[in-house]
Amino acid sequence: SAVISQKPSRDICQRGTSLTIQCQVDSQVTMMFWYRQQPGQSLTLIATANQGSEATYESGFVIDKFPISRPNLTFSTLTVSNMSPEDSSIYLCSVDHSNKPYGYTFGSGTRLTVV
Amino acid sequence: GENVEQHPSTLSVQEGDSAVIKCTYSDSASNYFPWYKQELGKGPQLIIDIRSNVGEKKDQRIAVTLNKTAKHFSLHITETQPEDSAVYFCAASIVDYKLSFGAGTTVTVRA
């Protein structure tokens, strides 16, 4: 399975600032996804990061708040913009396996605290 | 969209006993049902999955069953061990690859 490196692993940020989270995969993957996991909650899909085109956002998430880049098949970034305490969550990168459709692997996550 | 419900929210079992977690889904078009285990401070790890053309799948102490007619699927862990303590999530997917997750079950195995 793919190995995902996600950085930073955790951060404490001031409200009103922005944080960019990086996701690096050790092999080329077709699809990359960004999830949010609020404290003690389940995983909610933020968007699908598309290589060479704009990300596809889920209902309730917008590009201005969560801009995403996908410059190639092994790397993506998620930015959490103009942060508020409500953005305190774990943000997770996930990828598919090109030879095993639907078999998603998750990174270890970025634990974000906004103060 | 797909709605996945998961029960129970917490489960405490004695070491060596079995644990069962149940999920229901709403979209009859869903055809893929993975289960993830999440340990503290880590991302979810796929432990087993099942597709809609199969009714049951087993991998050592873990098994998953699927009832498409009733739209529910279950995770069975036998001979539980302390290292099975974690949060378990079920999920369902339709063909556009989007996973919808259940709310999670916190499993505690008592030694």
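Residues numbered from 1 in each chain as written. Chains lettered and ligands numbered in written order. Predicted model: local features only at pLDDT ≥ 70, side-chain atom pairs only at ≥ 80, totals over all residues. Heavy atoms only, no water.

## A look at the pattern of salt bridges
Residues and elements named next belong to chain B.
(1) Moving on: One pass over the full model with this rule turns up 6 salt bridges over all chains.
(2) Moving on: Across the pair Glu39 and Lys37 runs a salt bridge, and its minimum N-O distance is 3.7 Å.
(3) Moving on: Given a relative accessible area of 27%, Glu39 falls into the partly exposed group.
(4) Moving on: When the shortest N-O distance is used, the salt bridge between Lys42 and Glu39 registers 3.5 Å.
(5) Moving on: Lys42 sits in the partly exposed class, given a relative accessible area of 47%.
(6) Moving on: Linked by salt bridges that have partners in common, Lys37, Glu39 and Lys42 make up one network. (Salt bridge = Lys/Arg side-chain N within 4 Å of Asp/Glu carboxyl O. Buried < 20%, exposed > 50% of the residue type's maximum accessible area, 1.4 Å probe, protein only.)

## Brief notes about the pairing of strand 5 (residues 45-51) of chain B
All names here are of chain B.
(1) Moving on: Two elements, strand 4 (residues 32-38) and strand 5, share 6 bridges in a ladder whose sense is antiparallel. Following the sheet pairing, Tyr36 is matched in strand 5 by Leu46.
(2) Moving on: Taking the residues between adjacent antiparallel strands as the criterion, strand 4 and strand 5 are bridged by 6 residues, where Gly41 takes a positive phi near 80°. (Pairing = 2+ DSSP bridges. Helix = DSSP H or I, 4+ residues; strand = E, 2+ residues; numbered from the N terminus.)

## Observations regarding the interface of chain B and chain A
(1) Moving on: Facing the 21 residues of chain B at the interface are 19 residues of chain A.
(2) Moving on: Each partner contributes to the roughly 1600 Å² buried at the junction of chain B and chain A, and carbon and sulfur atoms together form 58% of this total.
(3) Moving on: Where chain B touches chain A, the interface holds 1 salt bridge.
(4) Moving on: The salt bridge involving A:Glu58 is made with B:Lys98; its shortest N-O contact spans 3.4 Å.
(5) Moving on: Summed over the shared surface of chain B and chain A, the number is 4 residue pairs in polar contact (both at pLDDT 80 or more).
(6) Moving on: Sorting the residues of the side of chain B that touches chain A by element identifies strand 4, strand 5, strand 9 (86-93) and strand 10 (99-101) of chain B as the ones contributing at least two each.
(7) Moving on: Across the side of chain B that touches chain A, the residue classes break down as 11 nonpolar, 6 polar and 4 charged. (Contact = heavy atoms within 4.5 Å. Buried area = accessible area lost by both parts, 1.4 Å probe. Polar contact = N/O pair within 3.5 Å; in protein donor to acceptor, adjacent residues only side chain to side chain. Nonpolar A, V, L, I, M, F, W, Y, C, P; charged D, E, K, R; others polar.)

## Some details on the sheet that holds strand 3 (residues 19-25) of chain B
All names here are of chain B.
(1) Moving on: The 5 strands are arranged 1-3-8-7-6 in an open sheet whose pairing can be described as antiparallel. Here the strands that pair on one side only, and so sit at the sheet edges, are strand 1 (4-7) and strand 6 (56-59). For this sheet, the mean angle separating the axes of adjacent strands, direction not counted, is 15°.
(2) Moving on: Where strand 6 and strand 7 (residues 62-67) come together, 4 bridges link them in antiparallel fashion. Note that in strand 7 the partner of Glu56 across the bridge is Thr65. (Axes fitted to C-alpha atoms, helices over the stretch in contact; angles between N-to-C directions.)

## With respect to the pairing of strand 3 (residues 19-25) of chain A
All names here are of chain A.
(1) Moving on: Only one face of strand 3 is buried: it carries Leu19, Ile21, Cys23 and Val25, and the other face, with Thr20, Gln22 and Gln24, is open.
(2) Moving on: As defined by bridge partners, strand 1 (residues 4-7) adjoins strand 3 across 4 bridges and the pair is classed as antiparallel. Bridging across to strand 3, Ile4 finds its partner in Val25.
(3) Moving on: Relative to strand 8 (residues 75-80), strand 3 runs antiparallel, the two being bridged by 6 bridges. Residue pairing across strands places Ile21 opposite Leu78, the latter belonging to strand 8.

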